[in-house]
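Chain residues, written in single-letter form:
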Amino acid sequence: MSEVWTLGIDIGGTKIAAALIDPDGVVHGIRTIPTAAQEGGQAVLDRVIAIAGEVVSEAEHPPAAVGVGTGGQVDPHTGEIVFATELIPGWTGVPLRRRLQETLSLPVWVDNDVHTMALGEATHGAGRGVRNGLYVAVGTGIGGGWVLGSRLYAGSRGLAGSVGHVKVEINGRPCTCGGRGCVEQYASGPAIAEHYRRLRGLASAPEGRDVMEAMRAGDELARFAVQEAGRWLGFALASLVNAMAPEAIIIGGGVAEAGEPFFEAIRSSIAQHALPTARSTPVRKAALGPRAGLIGAGVLARQGLAAERGSL
Ligand SMILES: [Zn+2]
């Protein structure tokens, strides 16, 4: 079973990637096409099927199974998109697993893309050796994924890991989810940029990456905005650490590129707010970069197949 090659597919709002994933988690023969999300769910599905077929037809090692990570909430048991935002219009309700199985004649497993990033990092990246861990992606939004017993924990209908909507303030800032006080409004890239705008008295907020560049150039206010985001995120993570006691937390996404000022703030916030025996929970930077989701999709397929064959 350990020698199985799989096909990994990563479906995001801007691009679709497909590749063969070898037993060591190495990516082979990657192909990438634009998602063209505005053309709607059916067109996106057609493009996924086309790119998957191309990779399979050129494969030196034929894949034994297919794993998919996609934007949106996915029911891992049915492989159906439970809910997707307007990032891919018409994606909600698409029976992704069934359609791919029909056309590729291979077993297929589907999960949310941040979940597959979590599985990729836990298996072949910064979380290697961690059986129970939390992955958090901090970028325009904040997402997460739990790996428990070395396998994904997707929760009821795939909702688990919605770390961005952990509440940090009652009656706090309004959130895109319709609620208030979600950590995403305090610690995401746009939240950092908005904080920096206020500190500097600018008319409009810069891009998150501009703030990081300013920080690296020695701008103390930029550094403060990044650290403040880390403190808020650490505050949210302290509650998750208390509830779930992961062995480690892996942080990826664009904001993780802010580096040590961000990570130090997260660690000291967890140390301040978590229960005594959880205060030193390791917080590490993700290691696989933008391919984490693709690699994790391959692992998802490998594990699914192993479980089905009763060898896991
Ligand atoms: Zn929210």
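Residues numbered from 1 in each chain as written. Predicted model: local features only at pLDDT ≥ 70, side-chain atom pairs only at ≥ 80, totals over all residues. Heavy atoms only, no water.

*Asks:* Just give me the short version of the pattern of salt bridges, but keep the residues and values in it.
*Replies:* Applying the stated rule across the entire model yields eleven salt bridges. Linking glutamate 194 and arginine 198 is a salt bridge whose minimum nitrogen-to-oxygen distance equals 3.7 Å. Here glutamate 194 and its partner arginine 198 are both found in helix H5 (residues 189-200), four residues apart, which amounts to about one turn of the helix. The partly exposed category is assigned to arginine 198, whose relative accessible area is 44%. A network of salt bridges, in which partner residues are shared, links Arg31, Glu54 and Glu58. (Salt bridge = Lys/Arg side-chain N within 4 Å of Asp/Glu carboxyl O. Helix = DSSP H or I, 4+ residues; strand = E, 2+ residues; numbered from the N terminus. Buried < 20%, exposed > 50% of the residue type's maximum accessible area, 1.4 Å probe, protein only.)

*Asks:* How would you explain the packing of H5 against helix H6 (residues 208-216) if you had to name every residue and give the values?
*Replies:* Close contact between H5 and H6 brings their axes to 8 Å; oriented N to C, the two are set at 60 degrees. Relative to H6, the element H5 lies oblique. Seen along the crossing, H5 lies across H6 with a hand that is left-handed. Within the contact between the two elements, H5 uses Gly189, Ile192, Ala193 and Tyr196 and H6 uses Gly208, Val211 and Ala214. When its residues are assigned to classes, the contact of H5 with H6 shows five nonpolar, two polar and no charged. (Axes fitted to C-alpha atoms, helices over the stretch in contact; angles between N-to-C directions. Parallel < 35°, antiparallel > 145°, perpendicular 65-115°, else oblique. Left-handed = near helix turned anticlockwise from the far one by under 90°. Contact = heavy atoms within 4.5 Å. Nonpolar A, V, L, I, M, F, W, Y, C, P; charged D, E, K, R; others polar.)

*Asks:* Lay out the pairing of strand E7 (residues 108-112) with the relevant residues and their values.
*Replies:* Along E7, five of the five residues are buried, which leaves the element largely enclosed by surrounding structure. In the sheet, strand E4 (residues 66-70) pairs with E7 via five bridges, with the strands oriented parallel. Looking at E7, one finds that valine 68 is bridged to valine 110. (Pairing = 2+ DSSP bridges.)

*Asks:* Tell me what's going on with the pairing of strand E9 (residues 142-148), and back it up with residues and numbers.
*Replies:* Within a regular strand, the side chains alternate between the two sheet faces. With respect to burial, E9 is a largely interior element, six of its seven residues being buried. Alignment of strand E8 (residues 133-138) against E9, held across six bridges, turns out to be antiparallel. Along E9, the bridge assignment pairs valine 136 with glycine 144. Where E8 folds back on E9, the antiparallel hairpin that results is connected by three residues. Across three bridges, the pairing between E9 and strand E10 (residues 151-153) is antiparallel. Across the sheet, residue valine 147 finds its bridge partner in E10, namely leucine 152. Connecting E9 to the next strand, E10, in antiparallel fashion are two residues, including glycine 149 with a positive phi near 60 degrees.

*Asks:* Tell me about the environment of alanine 36, residues and numbers included.
*Replies:* Mapped onto the secondary structure, alanine 36 falls in the loop between strand E3 (27-34) and helix H1 (41-57). A relative accessible area of 14% means that alanine 36 is categorised as buried. For alanine 36 and threonine 14, which are 22 residues apart along the polypeptide, the C-alpha to C-alpha distance reads 6.8 Å. Aside from chain neighbours lying at most four places away, what touches alanine 36 is Val44 and Arg47.

*Asks:* With reference to specific residues and values, describe the sheet that holds E7.
*Replies:* One open sheet holds the five strands; their spatial order is E3-E2-E1-E4-E7, and the pairing between them is mixed. With partners counted over all chains shown, the strands left at the sheet margins are E3 and E7, one partner each. Within the sheet, the average angular offset between the axes of one strand and its neighbour, ignoring direction, is 15 degrees. Together, strand E1 (6-11), E4 and E7 form the strand contacts of helix H3 (residues 113-124), whose direction differs from that of E7 by roughly 105 degrees.

*Asks:* Describe the domain arrangement of the protein chain, listing the residues and the values that go with them.
*Replies:* You can read the domains of the protein chain as domain 1 (6-120 + 290-308) and domain 2 (131-286). One C-alpha centre belongs to domain 1, the other to domain 2; they are set 27 Å apart. At the interface, 16 residues of domain 1 touch 15 residues of domain 2. Taken together, both faces of the contact between domain 1 and domain 2 bury some 1200 Å²; the carbon and sulfur share is 64%. The three residues of domain 1 that bury the most area against domain 2 are Gln73, His115 and Ala118, which together make up 38% of that side's buried surface. Taken together, the links from domain 1 to domain 2 amount to zero salt bridges. Counting across the interface, domain 1 meets domain 2 through three residue pairs in polar contact (both at pLDDT 80 or more). (Domains from an automatic or database assignment. Buried area = accessible area lost by both parts, 1.4 Å probe. Polar contact = N/O pair within 3.5 Å; in protein donor to acceptor, adjacent residues only side chain to side chain.)

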